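These are the residues of each chain, in order.
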Amino acid sequence: MKRTKPAPTDAITVPSRRDFLGKSALAGMATAGAVIGLSGCKEDSKAAKPAAAAADPTHIAPGQLDTYYAFISAGHAGEVRVLGLPSGRTLKRIPVFNTDCMVGWGTTNESKAVMGTKPDGSLQYTTGDTHHVHGSYKDGTYDSRWLFVNDKIHSRLARIRMDTMECDKITPLPNVMGFHGIFPDKRDPVDAAINYTTRVFCGAEFHIPLPNDGRDLDDPSKWGCLFSCVDAATMEVRWQCRIDGNMELMATSYDGKLAAATQYNTENAADLAGMMAAERDACVFFHIERIEAAIKAGKTTTIGSSKVPVVDGRVAANGDPKTALTCYVPVGKNPHGVNASPDGKYFVCAGKLSPTATVIELAKVMQWFAGDLKTQRDSVVAEPEIGLGPLHTAFDGRGNAYTSLFLDSQVVKWSVDLAIAQFKGDKTVKPILDRHDVHYQPGHGYSSMGETKEADGKYFNSGNKFSKDRFLPVGPLHPETEQILDISGDKMVLLADHTAYPEPHDGCIVRRDRVKTRQVATMTDFPNAVTAENAGIERKGNKVSVRLMSQAPAFSMPVIKVKVGDEVTLTLTNHDKVEDLTHGCAIPFHNINFIVNPQETRSVTFKTEHAGAYWIYCTHFCHALHLEMRSRLLVEA
Ligand code: CUK
Ligand code: CUA
Ligand code: CA
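What counts and how
- Chains are numbered independently. Their residues run from 1 in the order of the written sequence.
- Throughout, the order in which chains and ligands are written sets their labels, letters from A for the former and numbers from 1 for the latter.
- Residues qualify for local features only when their pLDDT is at least 70, as the model is predicted, and side-chain atom pairs are given and counted only at 80 or more; totals for whole chains, interfaces and linings, by contrast, use all residues.
- Only heavy atoms go into the side-chain values, all of them from the structure, while hydrogens and water stay out.
- We count a stretch as a helix when DSSP gives it H or I for four or more residues in a row; a strand needs E for two or more, and each element gets its number in order from the N terminus.
- Exposure classes here rest on a 1.4 Å probe applied to the protein chains alone. A residue is buried below 20% of its type maximum, exposed above 50%, and partly exposed in between.
- Every residue pair with non-hydrogen atoms within 4.5 Å of one another is taken to be in contact.
- Here, Shrake-Rupley sampling with a 1.4 Å probe gives the accessible areas, and only protein chains in the shown set may cover a residue.
- Here, proximity means that at least one heavy atom of the residue falls within 4 Å of the molecule or strand.
- Any residue that is not Ala, Val, Leu, Ile, Met, Phe, Trp, Tyr, Cys, Pro, Asp, Glu, Lys or Arg is counted as polar, Gly included; the first ten are nonpolar and the last four charged.
- Any N, O or S atom lying within 2.8 Å of the metal counts as a donor, and for Na, K and Ca the limit rises to 3.2 Å; water is left out, so some sites can look incomplete.
- Pairing of aromatic side chains here covers Phe, Tyr and the six-membered ring of Trp, requires ring centres within 6.5 Å, and sorts the geometry by plane angle: under 30 degrees stacked, over 60 edge-to-face, intermediate tilted.
- Think of it as a cone above the ring: NZ of Lys or CZ of Arg counts as a charge over the ring if it is within 6 Å of the ring centre and within 35 degrees of the ring normal.
- Strands are labelled as partners when DSSP assigns at least two bridges between them.
- Orientation is described by axes fitted as lines to C-alpha atoms, over the contacting stretch for helices, and by angles from 0 to 180 degrees between their N-to-C directions.
- Definition of a polar contact: a pair of N or O atoms within 3.5 Å, with one able to donate and the other able to accept a hydrogen when the atoms are protein atoms, and with sequence-neighbouring residues admitted only if both atoms are side-chain atoms.
- What counts as a salt bridge is simple: a side-chain nitrogen of Lys or Arg found within 4 Å of a carboxyl oxygen of Asp or Glu.
- Taken from the helix axis, the directions to the C-beta atoms give the arc we talk about.
- To define a nonpolar core, start from buried Ala, Val, Leu, Ile, Met, Phe, Trp, Tyr and Cys residues and group those joined through side-chain atoms within 4.5 Å.

Q: Any chance you could explain the overall build of the protein here in plain terms?
A: When helices and strands are tallied, the protein shows eight helices and 39 strands. Put simply, the protein has 637 residues, and 56% of those count as buried. The contacts of the protein with a sequence gap of at least 6 include a subset with a gap of at least 24, amounting to 61%. As displayed, the protein offers around 26,100 Å² of accessible surface, 54% of which is attributable to carbon and sulfur atoms.

Q: I'm lost on the site of ligand 1 in this one. Help?
A: Contacts to ligand 1 come from His131, His132, His180, Leu249, His336, His392, Gly443, His444, Lys465 and His505. Among the residues making up the shell around ligand 1, the classes are represented as one nonpolar, eight polar and one charged.

Q: Help me understand the coordination of the calcium ion (ligand 3) in this model?
A: By definition of the ideal shapes, a tetrahedral metal site with four donors has angles of 109.5 degrees and an octahedral site with six donors has angles of 90 or 180 degrees. The calcium ion (ligand 3) binds to the protein through Tyr264 (O), Glu267 (OE), Glu267 (OE), Met275 (O), Asp281 (OD), Asp281 (OD) and Asn334 (OD1), with metal-donor distances spanning 2.3 to 2.7 Å. Binding-site remark: the calcium ion (ligand 3) is held by donors from one chain whose sequence spacing is Y-x2-E-x7-M-x5-D-x52-N. In this pair, tyrosine 264 sits in the loop between strand S13 (258-263) and helix H5 (272-275) while aspartate 281 sits in strand S14 (residues 281-287), placing the two residues 17 residues apart along the sequence. Taking the relative accessible area as the measure of exposure, aspartate 281 reaches 3% and is therefore buried.

Q: Would you mind showing me how to read the packing of aromatic side chains here?
A: Geometrically, a pair of aromatic rings is defined through the distance of the ring centres and the angle of the planes. Applying the stated criterion across every chain, the model contains 12 aromatic pairs. Relative to phenylalanine 369, the ring of tryptophan 368 lies with its centre 5.3 Å away and its plane at 70 degrees, an arrangement referred to as edge-to-face. A relative accessible area of 1% places phenylalanine 369 in the buried class. Positioned over the ring face of tyrosine 264 is lysine 352, at 4.7 Å from the centre of the ring.

Q: Any chance you could explain the sheet that holds strand S5 (residues 141-151) here in plain terms?
A: Backbone-to-backbone hydrogen bonds pair the strands of a sheet. The strands run either parallel or antiparallel. With respect to topology, four strands assemble into an open sheet ordered S4-S5-S6-S7, the strand pairing being antiparallel. Taken across any chain shown, the strands that pair with only one partner, and hence form the sheet edges, are strand S4 (133-138) and strand S7 (166-172). Averaged over neighbouring strand pairs, the angle between their axes works out to 30 degrees when direction is ignored. Of the strand pairs in this sheet, strand S6 (residues 156-161) and S7 are connected by six bridges, and their pairing is antiparallel. Bridging from a neighbouring strand, isoleucine 160 pairs with cysteine 167 of S7.

Q: Could you clarify how one ought to interpret the side chain of serine 409 in this entry?
A: By the element assignment, serine 409 lies in the loop between strand S22 (400-405) and strand S23 (410-415). A relative accessible area of 0% means that serine 409 is categorised as buried. Among the polar contacts made by the side chain of serine 409, one reaches the main-chain amide nitrogen of glutamine 441 at a distance of 2.8 Å.

Q: Looking at this model, I keep getting lost on the environment of isoleucine 94. Mind explaining?
A: With respect to the helices and strands, the residue isoleucine 94 is situated in strand S3 (residues 89-95). It is 31 Å that separates the C-alpha atoms of isoleucine 94 and valine 544, two residues lying 450 residues apart in sequence. Leaving out residues up to four positions away in the same chain, isoleucine 94 has contacts with Glu79, Val80, Val82, Ile160, Met165, Glu166 and Cys167.

Q: For this particular structure, what's the right way to read the sheet that holds strand S26 (residues 459-464)?
A: Strand order in the open sheet made by the four strands is S25-S26-S27-S28, with antiparallel pairing throughout. Among the strands making up the open sheet, the edge pair consists of strand S25 (442-447) and strand S28 (493-500). Mean inter-strand twist for the sheet, computed between neighbouring axes without regard to direction, equals 20 degrees. In this structure, S26 lies alongside strand S27 (residues 480-486), joined through six bridges in antiparallel fashion. Its bridge partner being in S27, serine 462 is matched across the sheet by glutamine 483.

Q: Please clarify how the environment of lysine 465 should be interpreted in this entry.
A: Within the secondary structure layout, lysine 465 lies in the loop between S26 and S27. When the C-alpha atoms of lysine 465 and proline 479 are compared, they prove to be 8.9 Å apart, with 14 residues separating the residues in sequence. Side-chain polar atoms of lysine 465 contact the backbone oxygen of proline 504, separated by 3.1 Å.

Q: Explain the environment of methionine 523 to me, please; I cannot follow it from the model alone.
A: Among the structural elements, methionine 523 can be located in the loop between strand S29 (507-511) and strand S30 (536-540). According to the relative accessible area criterion, methionine 523 is buried, its value standing at 15%. Beyond its immediate chain neighbours, meaning those up to four positions away, methionine 523 contacts Ala529, Thr573, Asn574, His575 and Gln599.

Q: I keep staring at the pattern of salt bridges and nothing clicks. Help me out?
A: Once the charged atoms of two side chains with opposite charge are near each other, the side chains can pair. Scanning the model with the defined rule gives 30 salt bridges in all. Here arginine 145 makes a salt bridge to aspartate 143, at a shortest N to O gap of 3.8 Å. When the shortest N-O distance is used, the salt bridge between arginine 199 and glutamate 292 registers 3.1 Å. Of this pair, arginine 199 sits in strand S9 (residues 199-206) while glutamate 292 sits in helix H6 (residues 288-296); the two residues are 93 residues apart in sequence, bridging distant segments of the chain.

Q: For this particular structure, what's the right way to read helix H8 (residues 416-424)?
A: Given 3.6 residues per helical turn, the α-helix brings residues three or four places apart onto the same face. Taken residue by residue, H8 has Val416, Ala419 and Ile420 as its buried positions. Down the axis of H8, the buried set is contained in an arc of 100 degrees. They therefore lie on one face. Buried residues in H8 make contact with strand S18 (346-350), strand S19 (357-361), strand S20 (380-382), strand S21 (390-395), S22 and S23. Taking the backbone nitrogen of aspartate 417 as reference, a side-chain oxygen 3.4 Å away marks serine 415 as the first, capping residue of H8.

Q: I would appreciate a short explanation of the pairing of S4 in the present structure.
A: In regular strands, side chains alternate between the two faces of the sheet. Among the six residues in S4, five count as buried, and that is most of the element. Note: S4 against S5, five bridges, orientation antiparallel. Paired with histidine 134 across the bridge in S5 is phenylalanine 148. Where S4 hands over to S5, the hairpin turn is made up of two residues, of which aspartate 139 adopts a positive phi near 50 degrees.

Q: Would you take a moment to explain the nonpolar core for this structure?
A: Side chains of nonpolar character tend, in soluble globular proteins, to be buried together. If you look at the biggest cluster of nonpolar residues, it comprises 79 residues, and the most contacted ones within it are Phe71, Val96, Leu157, Phe227, Trp239, Met247 and Phe286. Leave out the neighbours within four places in its chain, and tryptophan 239 touches Phe201, Phe227, Ser228, Cys229, Ile288, Ile291, Glu292, Ile295, Val308 and Pro309. In this structure, Val568, Leu570, Val596 and Val635 belong to the second largest nonpolar core, which totals 25 residues.

Here it is in structure tokens:
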């Protein structure tokens with residue numbers, strides 16, 4: 001398909017191209033590049049300079065700090081990244097489902113315990129696919145407690161401590177495959193003792209036999225998908241709800257009453273053509289209070305060996321709105337994202353295969369649950385035509401929505417109120433306020449504080465799936481682009497491109513005062529801390545415990561003697577208190593490499609196989625005598 005010039009900003013009707021649901025277009029999308037416009041590169045549609053153009057806001061002068069953190073999922077790299085915005089500088093990579101030899105994630109016993117091991121002590125999985133990362137909430141905004149992120153490959157939910165920005169817990173979801181959408185609950189605290197987000201809601205994209213133990217392999221019509229609720233504090237799966245169709249993206253309401261997931265496969269089909277058969281798909285809403293009451297009342301089953309209680313949210317079991325646990329609201333064909341507006345009133349679903357966004361009013365969904373709304377579809381209050389391939393929507397807190405258009409390679413700004421007025425029949429209004437090209441094929445776009453009640457409408461980050469000509473080429477795989485736009489004015493202004501190592505999906509942009517970190521740990525928080533009193537070597541049979549301290553520029557033992565065939569557990573506590581004074585610990589030919597930050601303790605366990613001398617050395621430049629910071633591991637035959 002040939003790319004046409006970007007539509008003028010007020011053009012909500014470019015009907016010939018935007019009436020998109022022809023079979024051939026769909027087939028083209030299914031089979032590859034034809035529709036995604038891979039052929040041409042294009043010029044920026046605007047040459048406008050930043051509103052406050054004298055100083056480029058993305059240029060943070062030496063010594064100055066960014067005003068926002070951005071926490072970004074890294075797709076099949078399996079980690080979470082932390083950027084400073086507006087500069088786009090990378091501040092940190094947080095290993096989660098992947099391994100990382102900079103910190104020793106996947107090497108230390110502590111990280112292995114979080115990641116999960118097989119009976120032989122090796123890691124169960126070393127891969128992950130992180131798509132959605134969200135902070136925990138209090139009073140409708142970030143509370144600096146945790147981040148949550150999904151793993152689509154192995155259906156696990158990870159929690160990251162915000163204070164250290166390290167993963168501290170990973171929970172597998174039972175009977176789930178393709179865990180994709182997540183959203184923590186945003187409700188205000190209902191109980192003084194629970195002053196944090198208590199639930200994380202998780203959608204499953206792939207339907208599977210339940211349980212997946214070899215049964216029903218030839219009959220996908222019997223397969224199912226479970227919606228899961230995880231307790232944020234304990235990270236245990238509280239309950240699950242079986243649904244019809246699948247779940248992709250998730251959103252939660254600000255009052256804690258509703259969670260919802262988009263469904264592109266209401267058909268319950270097992271092949272591409274089948275998944276595109278229906279003219280409409282759905283956004284399925286969960287009535288959380290009723291589900292939790294049903295769980296309490298024991299109206300549950302269990303599946304396979306899982307003990308997690310499961311309620312039935314399928315259509316057939318939920319015919320009466322007044323008792324229904326779920327409400328399936330019809331939306332555009334094969335939708336993608338669903339996002340909550342910061343005023344708490346609406347969820348916006350992006351059409352993907354329909355050139356529309358669907359605005360659902362939450363009060364009307366609650367009306368349906370009360371039996372006071374005729375059909376589920378009556379909760380839809382707007383469905384503006386916005387462009388081709390809408391995927392995700394962000395908000396500015398001033399009533400405007402910003403939707404990424406994958407096929408058009410644009411971000412479109414539109415007014416939610418005007419879209420509602422148009423839907424009511426006012427033909428004079430034009431909901432589309434602006435369009436801006438991005439480079440190229442955007443996935444998620446997210447705005448500063450846009451997923452909170454404090455949405456401030458300053459910046460929008462567009463996570464683009466293709467960068468093509470935007471950077472120096474580096475072989476077949478290009479970096480992706482993250483483009484930051486100034487959305488504070490009437491027109492969007494592109495401020496900067498920065499590279500992103502593949503493949504970023506979603507992110508959240510958090511005002512820096514909403515993030516509280518600590519730079520130096522407390523030694524007593526580590527039960528295995530090594531102190532002057534308990535340092536040294538201890539042998540029990542062939543198990544040797546080596547308890548070591550680091551203080552620049554030395555390890556506490558210059559010589560450590562063990563024997564071939566020993567199982568050595570080396571525990572290292574960093575006794576330095578100076579901020580940023582991290583030591584590393586590498587043991588050549590033993591595959592050991594990890595760091596200990598000030599006042600932290602980490603341990604590793606390894607087998608000695610070959611007699612010889614091995615220099616244990618510090619890997620992290622810590623002192624003028626860093627290179628001299630070594631100990632001898634002597635392995636005796
Ligand atoms: S999905 Cu990645 S671009 Cu996993 Cu949030 Cu839409
Ligand atoms: Cu310790 Cu380098
Ligand atoms: Ca479908």
